[in-house]
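Commentary on secondary and tertiary structure
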Amino acid sequence: QVQLVESGGGLVQAGGSLRLSCAASGLTFSRYVMGWFRQAPGKEREFVAAISWSGGTPAYADSVKGRATISRDNAKNTVYLQMNSLKPEDTAVYYCAARLVTISEYDYWGQGTQVTVSS
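Please read all numbers here as calculations on a predicted model, not as lab measurements. (Residues numbered from 1 in each chain as written. Predicted model: local features only at pLDDT ≥ 70, side-chain atom pairs only at ≥ 80, totals over all residues. Heavy atoms only, no water.)

**Brief notes about the pairing of strand 3 (residues 18-25)**
Heads up, the rule is: Between any two strands, pairing holds if DSSP finds at least two bridges. Secondary structure elements follow DSSP: runs of H or I of four or more residues count as helices, runs of E of two or more count as strands, with numbering from the N terminus.
By the bridge criterion, five bridges tie strand 1 (residues 3-7) to strand 3 in an arrangement that is antiparallel. The residue of strand 3 that forms the bridge with Glu6 is Cys22. Here strand 3 pairs with strand 8 (residues 78-83) via six bridges, running antiparallel. Residue pairing in the sheet places Leu20 in a bridge with Leu81 of strand 8.

**Section: the side chain of Glu6**
Counted only if it meets this: Burial classes follow relative accessibility: with a 1.4 Å probe on protein chains only, a residue under 20% of its type's maximum area counts as buried, one over 50% as exposed, and anything between as partly exposed. For this count, His and the chain ends are skipped, Lys and Arg are scored as positive, and Asp and Glu as negative. For this analysis, a salt bridge means a side-chain nitrogen from Lys or Arg found within 4 Å of a carboxyl oxygen belonging to Asp or Glu. Each polar contact in these results corresponds to two N or O atoms within 3.5 Å; when the atoms are within protein, one needs to be able to donate a hydrogen and the other to accept it, and residues that are neighboring in sequence are counted only if both atoms are side-chain atoms. For this analysis, residues touch if any pair of their heavy atoms sits within 4.5 Å.
Relative to the assigned elements, Glu6 resides in strand 1. In this structure, Glu6 is buried with no salt-bridge partner, the nearest side chain bearing the opposite charge being Arg45 at 8.8 Å. A polar side-chain atom of Glu6 sits 3.1 Å from the main-chain amide nitrogen of Gln111. Of note is the side chain of Glu6, whose polar atom sits 2.9 Å from the backbone nitrogen of Gly112. Residues contacting Glu6, with those up to four places away along its chain left out, are Ser21, Cys22, Trp36, Tyr94, Tyr95, Cys96, Gly110, Gln111, Gly112 and Thr113.

**What to know about the sheet that holds strand 3**
Keep this limit in mind: Angles run from 0 to 180 degrees between N-to-C directions of axes, and those axes are lines fitted to C-alpha atoms, restricted for helices to the stretch in contact.
Read from one edge of the open sheet, four strands run 1-3-8-7, paired in antiparallel fashion. Both outer strands of the open sheet, strand 1 and strand 7 (68-73), are each paired with one neighbouring strand and no more. Each strand axis lies, on average, 15° off the axis of its neighbour in the sheet, ignoring direction.

**Quick notes on the pattern of salt bridges**
Taken as a whole and judged by the stated rule, the model has four salt bridges. For Lys65, the salt bridge identified is with Asp62, shortest N-O distance 3.2 Å. A relative accessible area of 67% means that Asp62 is categorised as exposed. Asp90 is paired through a salt bridge with Arg67; the nearest N and O atoms lie 2.7 Å apart. Of this pair, Asp90 sits in the loop between strand 8 and strand 9 (92-100) while Arg67 sits in the loop between strand 6 (59-60) and strand 7, placing them 23 residues apart in sequence. In this structure Arg67 comes out as buried when scored by relative accessible area, which is 10%. Counted as one network, the salt bridges with shared partners bring together Arg38, Glu46, Arg67 and Asp90.

Okay, structure coming up:
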């Protein structure tokens with residue numbers, strides 16, 4: 001049974017930082033592209049960042065580029081999202097997701113962690 005468990009969310013002031021973690025189990029972690037998505041109240045879920053199985057060539061949404069860093073530790077089956085210079089518009093539930101390299105759709109999703117940025 002595949003599980004993705006996010007942690008690290010919370011309440012932070014604008015300009016602050018957070019580091020989100022996603023621990024994966026039940027899959028061969030190194031075979032999966034890992035992504036972070038977010039969904040703000042009343043909005044659709046949107047892509048934030050993704051990282052390949054090797055950790056190279058990460059991709060970022062324009063809205064977080066320069067403020068976010070995605071990384072992974074295959075030995076710990078964990079993917080991270082470091083968010084700096086947080087803005088109120090970053091407030092959302094953040095989800096991690098996993099997909100095989102050969103498949104475009106994300107197969108597995110976590111339950112999400114709430115990030116709230118106060119102005």
